[in-house]
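# What the coordinates show
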Amino acid sequence: FGSATALTIEVMTGYRAVESMRNPVMEATSPSDFWGRRWNVAVHGVLKRGVFQPVRRFSSSFVAALMAFIASGLFHEYLVHLTVMYNKEPRVADDNVCNALNTDYKPQLGSNMAFFAWNGVIMVTEKLLGRNRVMQSFGSTLPRFMVVFLTIMTALPLAHWFGNPYIKQGLLCDFQEGYFFVTKIV
């Protein structure tokens, strides 16, 4: 869908659209590959130029990486505040998922921050362990599908910290107003 949208923009405007996601879930071979080269590349560039590089001038790359993840966590906390913390008008939705939303749900503030801080720690740990010869040889002997699986499992068990505030307050239902979704027809 993203590639089709990018092509449409390019054909209509003559401007080349940059692909924001580079198949992170199926092709990432490490947490740093996932976050640094595949997941939301545009935001990665902003955080690299705006947080990582300035902090790196005065500190280690480990501290700079953690600060970039903390900045991302703060930004996402701000988004949660904007999108779900204010009382909204009751929505009228025509599918069961949107109608079943818990309108009394109040998100746990700090969950997005915790998710990104966790992933920052994972990135630093990866870099520290990557210097170890045993870990280097271990990683190179695993089949690619196993490396991708293990990479995703560094974030997936805590992904609800990131997604729940958006999902439980109906952000995806709000998207249905402007984007089509494939839904089950009964």
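Residues numbered from 1 in each chain as written. Predicted model: local features only at pLDDT ≥ 70, side-chain atom pairs only at ≥ 80, totals over all residues. Heavy atoms only, no water.

### Concerning the packing of helix α7 (residues 111-130) against helix α10 (residues 159-168)
- Contact geometry for α7 and α10: axes closest at 7 Å, N-to-C directions at 150°. Here α7 is positioned roughly antiparallel relative to α10, judged by the angle of their axes. Every pair of crossing elements has a handedness; the one defined by α7 and α10 is left-handed. On α10, the residues that touch S111, N112, A114, F115 and F116 of α7 are A159, W161, F162, P165 and Y166. (Axes fitted to C-alpha atoms, helices over the stretch in contact; angles between N-to-C directions. Helix = DSSP H or I, 4+ residues; strand = E, 2+ residues; numbered from the N terminus. Parallel < 35°, antiparallel > 145°, perpendicular 65-115°, else oblique. Left-handed = near helix turned anticlockwise from the far one by under 90°. Contact = heavy atoms within 4.5 Å.)

### Here we look at the packing of aromatic side chains
- For the structure shown, the criterion picks out 10 aromatic pairs.
- Between the aromatic rings of F34 and W39, the centroid separation amounts to 5.4 Å while the plane-to-plane angle is 15°, which identifies the pairing as stacked.
- Residue classification places W39 among the partly exposed positions, given a relative accessible area of 31%.
- Look at F162 and Y166: their rings are 5.5 Å apart centre to centre, the planes differ by 55°, and that puts the pair in the tilted class. On the criterion of helical spacing, the pair formed by F162 and Y166 is a turn pair, its members being 4 residues apart in helix α10. (Phe/Tyr/Trp six-rings, centres within 6.5 Å; stacked < 30°, edge-to-face > 60°. Buried < 20%, exposed > 50% of the residue type's maximum accessible area, 1.4 Å probe, protein only.)

### A word on the side chain of S32
- Along the chain, S32 falls in helix α3 (residues 31-38).
- Judged by its relative accessible area of 7%, S32 is buried.
- At 2.8 Å, the side chain of S32 and the side chain of E126 are in polar contact.
- Beyond its immediate chain neighbours, meaning those up to four positions away, S32 contacts R37, M123, E126 and K127. (Polar contact = N/O pair within 3.5 Å; in protein donor to acceptor, adjacent residues only side chain to side chain.)

### Focus: the pattern of salt bridges
- In the structure shown here, the tally under the stated rule is 3 salt bridges.
- Between R38 and E27 there is a salt bridge, with its nearest N and O atoms 3.3 Å apart. Taken together, the residues span a long stretch of sequence, with R38 in helix α3 and E27 in helix α2 (residues 24-27) at a distance of 11 residues.
- Judged by its relative accessible area of 17%, R38 falls in the buried class.
- Residues R38 and D33 are paired through a salt bridge, measuring 3.0 Å at the closest nitrogen-oxygen approach. Judged on exposure class, the residue R38 and its partner D33 are both buried.
- Salt bridges sharing common partners tie together E27, D33, R37 and R38. (Salt bridge = Lys/Arg side-chain N within 4 Å of Asp/Glu carboxyl O.)

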